[in-house]
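In case you want the letters, here they are:
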Amino acid sequence: SSDLSAYALLGAVARQSDATALFTRIYGGTATSASLISSRVAGILSNLQSGLRFKFTFAVLSKDEMGTTAAAWSAAKNCFYINGDWLLTVPEADRSQRLLWLVVSQMGYAFDSLINTTYDAAGQEGALLANAVLGVVPSASQQTALNQNQAAASITLSGVKVAVEARSEEHTSELQSQFRIS
């Protein structure tokens, strides 16, 4: 399944010598103290290296609930949401790759909520992590947008708005079309 592949990829990245620098670049630069970020990054990397799984919930929702959001992470609900209707529009040959990118990116947003418990890291940290892990090289304008734009959004679940960090269908497809996993 994609979550197991995501853990394998993230575990391999966590064992690389530049993992701390990668995570600090993505999740640093907030009002959270550098020493606290360093400590939390070390804890996440240690857990990934040892194969420990984080306790996140996954839910597949309809386009009625998610609108044009392909995937979202809610720190308050500790849950990843995937737009099942959007996923069905992805060609079957690309579906597992795109789902893997989505899972890694949503785990990236989840890691931010563990590292920066009060502040959101600058940019779209989930997409930045997924790109780094999966070798996606965005164009210069895409990279600028990822570094500057926040992914804050909301979805409506059972009539209640839930704050999430999200990727739109358009931006997700645009970035994901640039990679293939062999």
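Computed from a predicted model, the values in this text were never measured in an experiment.

## Details of the environment of serine 154
Then comes step 1: Within the secondary structure, serine 154 sits in strand E4 (residues 152–157).
Then comes step 2: The exposure class of serine 154 is partly exposed, given its relative accessible area of 38%.
Then comes step 3: Through-space distance from the C-alpha of serine 154 to that of glycine 67 is 10.0 Å; in sequence the pair is 87 residues apart.

## Considerations on the pairing of strand E2 (residues 69–74)
Then comes step 1: Within E2, six of the six residues are buried, leaving the element largely enclosed by the surrounding structure.
Then comes step 2: When E2 meets strand E3 (residues 79–83), the two strands line up antiparallel, connected through four bridges. Paired with tryptophan 73 across the two strands is phenylalanine 80, which belongs to E3.
Then comes step 3: Linking two consecutive strands that pair antiparallel, namely E2 and E3, is a turn of four residues; a positive phi of about 50° is found at asparagine 78 within it.

## Re the packing of helix H3 (residues 34–49) against helix H6 (residues 92–115)
Then comes step 1: It is at 9 Å that the axes of H3 and H6 come closest, and there the two elements cross at 135°. Of the possible angle classes, the one that applies to H3 and H6 is oblique. Pair H3 / H6 crosses with right-handed handedness. Contacts from Ile37, Arg40, Val41, Ile44 and Leu48 of H3 reach H6 at Phe111, Leu114 and Ile115.
Then comes step 2: The residue inventory of the contact of H3 with H6, partitioned by class, reads seven nonpolar, no polar and one charged.

## Things to note about the environment of threonine 24
Then comes step 1: Assignment of secondary structure puts threonine 24 in helix H2 (residues 19–27).
Then comes step 2: For threonine 24, a relative accessible area of 34% gives the class partly exposed.
Then comes step 3: Along the backbone, threonine 24 and arginine 40 are 16 residues apart, and their C-alpha atoms lie at a distance of 9.9 Å.

## Details of the confidence of the model for the chain
Then comes step 1: With 85% of its residues at a pLDDT of 70 or more, the chain has an overall mean of 80.
Then comes step 2: Across residues 169–182 the pLDDT falls below 50, and counting only partners more than four positions away or on other chains, this stretch makes 41 contacts in the model.

## Let's talk about the nonpolar core
Then comes step 1: Within the largest apolar cluster, 44 residues are counted, with the highest numbers of intra-cluster contacts made by Phe23, Leu48, Phe56, Met107, Phe111 and Leu129.
Then comes step 2: Among the secondary structure elements, those contributing two or more residues to this core are helix H1 (2–14), H2, H3, E2, E3, helix H5 (84–89), H6 and helix H7 (125–134).
Then comes step 3: For this core, the element with the highest residue contribution is H6, accounting for ten residues.
Then comes step 4: In contact with phenylalanine 111, not counting residues within four places along its chain, are Leu10, Phe23, Tyr27, Ile44, Leu48, Phe54, Phe56 and Leu129.

## Let's talk about H2
Then comes step 1: All of the buried residues in H2 are Ala19, Leu22, Phe23, Ile26 and Tyr27. Seen along its axis, H2 keeps its buried residues to an arc of 105°; they face one direction.
Then comes step 2: Backbone geometry just after H2 places glycine 29 at a positive phi near 80°.

Criteria and cut-off values
Residues numbered from 1 in each chain as written. Predicted model: local features only at pLDDT ≥ 70, side-chain atom pairs only at ≥ 80, totals over all residues. Heavy atoms only, no water. Helix = DSSP H or I, 4+ residues; strand = E, 2+ residues; numbered from the N terminus. Buried < 20%, exposed > 50% of the residue type's maximum accessible area, 1.4 Å probe, protein only. Pairing = 2+ DSSP bridges. Axes fitted to C-alpha atoms, helices over the stretch in contact; angles between N-to-C directions. Parallel < 35°, antiparallel > 145°, perpendicular 65-115°, else oblique. Left-handed = near helix turned anticlockwise from the far one by under 90°. Contact = heavy atoms within 4.5 Å. Nonpolar A, V, L, I, M, F, W, Y, C, P; charged D, E, K, R; others polar. pLDDT = per-residue confidence, 0-100. Core = buried A, V, L, I, M, F, W, Y, C linked by side-chain atoms within 4.5 Å. Arc of directions from axis to C-beta.

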